[in-house]
Amino acid sequence: MKITVVGAGAVGASCAEYIAIKDFASEVVLLDIKEGFAEGKAMDLMQTASLNGFDTKITGTTGDYSKTANSDIAVITSGIPRKPGMTREELIGINAGIVKSVAGELIKHSPDVILIVVSNPMDTMTYLAHKVTGLPKHRIIGMGGALDSARFKYRLAEALGAPISDVDGMVIGGHSDKGMVPLTRLATRNSVPVSEFISEERLNQVMEDTKVGGATLTKLLGTSAWYAPGAAVSGLVQAIACDQKKIFPCSTLLDGEYGLKDLCIGVPVVLGKNGIEKVVDIQLSDAEKSKLAESAEGVKKTNGLLDV
Ligand SMILES: NC(=O)c1ccc[n+]([C@@H]2O[C@H](COP(=O)([O-])OP(=O)(O)OC[C@H]3O[C@@H](n4cnc5c(N)ncnc54)[C@H](O)[C@@H]3O)[C@@H](O)[C@H]2O)c1
Ligand SMILES: O=C(O)C[C@H](O)C(=O)O
């Protein structure tokens, strides 16, 4: 199993590290445009192999896509991150050009690749990857919901005073400060609805804290987060590489599911060796449906800024 990660920055390197530590891939290729950067990150990571006990071979390249040839999965993290006070949507001007060229190069060298798009604004960049590559929809996956759900579980555990392993929950919708839809109604603590343990007011606070999870970290760090994003990407990669058939909320091109068409947005999907093997159409309440529809409007507005 060969995996390419484009962008050896904070998220790309973290993602390569988690993939290697989980030891399910034979090879990870890191590619960056900054001279020597990916080679350096790869060497540094390889020097953790004997310490962390993995056999995955990590190599780096400055812009040489021939080194990525015949990748099974490629992750696109190249692009600028936001600074405090910015929205993800403001990154579109620079990142659209980067994602467009990177996606084109990747499929030239790996025509059968499954693409995972991370660069922001992620739902729009996933849509752009479709427009540029024309790949079937099961082979382009946007990563956002897996991360947002992890943050939701973190906030739920905090509110419940429970261990995170006792908590389950999912966030659908756009990967944006306003567009996320944390499904509080379906969140559970060991199969019991969380509303049995905490007030509606506290649950609303959990929802709001989850939606601004990325912005909160950006304010603290001065740039956006990387550990949880890297771990979330590695979870998607592992589900595909190991044909796990796990459900994650991912951004996918919808064609009528959830009453939505011609956009990529986060909904639950089954991930396996073919990429997105099924969109899971769950029954939403009227309030959840209207939040998702509003979120879709926001994503479509950002898509409208694309030059495709
Ligand atoms: N979808 C998500 O949940 C999620 C989570 C975290 C970050 N992000 C996004 O991921 C992106 C990367 O974030 P980061 O913190 O790793 O940024 P970073 O600046 O640390 O790394 C980005 C890397 O991309 C490289 N790059 C730029 N143009 C390139 C090109 N044409 N080809 C190859 N490499 C190129 C840069 O040299 C840099 O090393 C940002 O857009 C950020 O907003 C998304
Ligand atoms: O917040 C960001 O801009 C980066 C990423 O989308 C995140 O949610 O951490």
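Residues numbered from 1 in each chain as written. Chains lettered and ligands numbered in written order. Predicted model: local features only at pLDDT ≥ 70, side-chain atom pairs only at ≥ 80, totals over all residues. Heavy atoms only, no water.

1. Considerations on the state of the cysteines
Then comes step 1: The tally for this structure, following the rule as stated, stands at zero disulfides.
Then comes step 2: Here Cys15 is not cross-linked by a disulfide; its sulfur's nearest cysteine counterpart is in Cys250, at 14 Å.
Then comes step 3: Here Cys15 falls in the buried class, since its relative accessible area comes to 0%.
Then comes step 4: Cysteine Cys242 remains unbridged, with the sulfur of Cys15 as its closest cysteine sulfur at 14 Å. (Disulfide = S-S within 2.5 Å. Buried < 20%, exposed > 50% of the residue type's maximum accessible area, 1.4 Å probe, protein only.)

2. Describing the environment of Val181
Then comes step 1: Structurally, Val181 is set in strand β9 (residues 180-182).
Then comes step 2: For Val181, the residues in contact, after removing those within four places along its chain, are Met170, Val171, Ile172, Gly173, Lys291 and Leu292. (Helix = DSSP H or I, 4+ residues; strand = E, 2+ residues; numbered from the N terminus. Contact = heavy atoms within 4.5 Å.)

3. Here's the deal with the site of ligand 1
Then comes step 1: Around ligand 1 sit 27 residues in total, of which Val11, Asp32, Ile80, Asn120 and Met143 are the nearest.
Then comes step 2: One of the backbone nitrogen or oxygen atoms of Ala10 is found 2.9 Å away from an oxygen atom of ligand 1.
Then comes step 3: In the model, a nitrogen atom of ligand 1 is placed 2.8 Å from a nitrogen or oxygen of the Met143 main chain.
Then comes step 4: Coverage of ligand 1 by the protein chains reaches 88% of its 870 Å² of free accessible surface.
Then comes step 5: When atoms are counted within 2 Å of each cavity's grid points, the one that captures over half of ligand 1 is the largest pocket.
Then comes step 6: Residue assignment for the shell around ligand 1 shows that the elements contributing at least two residues are α1 (10-22) and α4 (92-109).
Then comes step 7: For the shell around ligand 1, the element with the highest residue contribution is α4, accounting for three residues.
Then comes step 8: Of the residues contributing to the shell around ligand 1, the split by class is 16 nonpolar, nine polar and two charged. (Near = heavy atom within 4 Å. Polar contact = N/O pair within 3.5 Å; in protein donor to acceptor, adjacent residues only side chain to side chain. Areas by Shrake-Rupley, 256 points an atom, 1.4 Å probe, with all protein chains shown as cover. 1 Å grid on protein atoms, 1.4 Å probe; cavity = no way out; pocket = protein on both sides within 12 Å on 5 of 7 lines; lining within 4 Å. Sits in = over half its atoms within 2 Å of the grid points. Nonpolar A, V, L, I, M, F, W, Y, C, P; charged D, E, K, R; others polar.)

4. Details of the site of ligand 2
Then comes step 1: All residues in the neighbourhood of ligand 2 are listed as Arg82, Arg88, Asn120, Leu147, Arg151, His175, Gly214, Thr218 and Ser224.
Then comes step 2: The separation between an oxygen atom of ligand 2 and a polar side-chain atom of Arg82 is 2.6 Å.
Then comes step 3: Isolated, ligand 2 exposes 260 Å² of accessible area, and the fraction of that covered by the protein chains is 94%.
Then comes step 4: Along the lines of polarity and charge, the residues of the shell around ligand 2 split into one nonpolar, five polar and three charged.
Then comes step 5: Here the shell around ligand 2 gathers at least three residues from each of two domains, domain 1 (2-143) and domain 2 (145-303). (Domains from an automatic or database assignment.)

5. Side note on the pattern of salt bridges
Then comes step 1: The full count for this structure, using the stated rule, is 14 salt bridges.
Then comes step 2: As a salt-bridge pair, Asp286 and Lys289 come within 3.9 Å of each other at their nearest N and O atoms. Here Lys289 and Asp286 lie together in helix α10 (residues 286-303), a separation of three residues that amounts to about one turn.
Then comes step 3: For Asp286, a relative accessible area of 63% gives the class exposed.
Then comes step 4: Residue class for Lys289 comes out partly exposed when judged on its relative accessible area of 42%.
Then comes step 5: In the salt-bridge network here, residues are joined through shared partners; they are Asp243, Lys245, Lys273 and Glu277. (Salt bridge = Lys/Arg side-chain N within 4 Å of Asp/Glu carboxyl O.)

6. What to know about the packing of helix α5 (residues 122-133) against α10
Then comes step 1: It is the contact of α5 with α10, at a shortest axis distance of 9 Å, that shows an interaxial angle of 55°. Relative to α10, the element α5 lies oblique. At the point where α5 passes α10, the crossing takes the right-handed sense. On α10, the residues touching Asp123, Thr124 and Tyr127 of α5 are Val299, Thr302 and Asn303. (Axes fitted to C-alpha atoms, helices over the stretch in contact; angles between N-to-C directions. Parallel < 35°, antiparallel > 145°, perpendicular 65-115°, else oblique. Left-handed = near helix turned anticlockwise from the far one by under 90°.)

7. A short note on the UniProt feature "binding site: substrate" (unreviewed entry) in the chain
Then comes step 1: Here, UniProt's "binding site: substrate" (unreviewed entry) annotation points to Arg82, Arg88, Asn120 and Arg151. Lining the largest pocket, from the residues just named, are Arg82, Arg88, Asn120 and Arg151.
Then comes step 2: Within the fold, Arg82 resides in the loop between β4 (73-76) and α4.
Then comes step 3: Residue class for Arg82 comes out buried when judged on its relative accessible area of 4%.
Then comes step 4: Other than its neighbours up to four places away in sequence, Arg82 contacts Thr87, Arg88, Leu91, Asp177, Gly214, Ala215, Thr218, Thr223 and Ser224.
Then comes step 5: At a separation of 3.1 Å, a polar atom in the side chain of Arg82 contacts the main-chain carbonyl oxygen of Met86.
Then comes step 6: Arg151 sits in the buried class, given a relative accessible area of 11%. (UniProt positions renumbered as here; feature names shortened; annotations may be inferred.)

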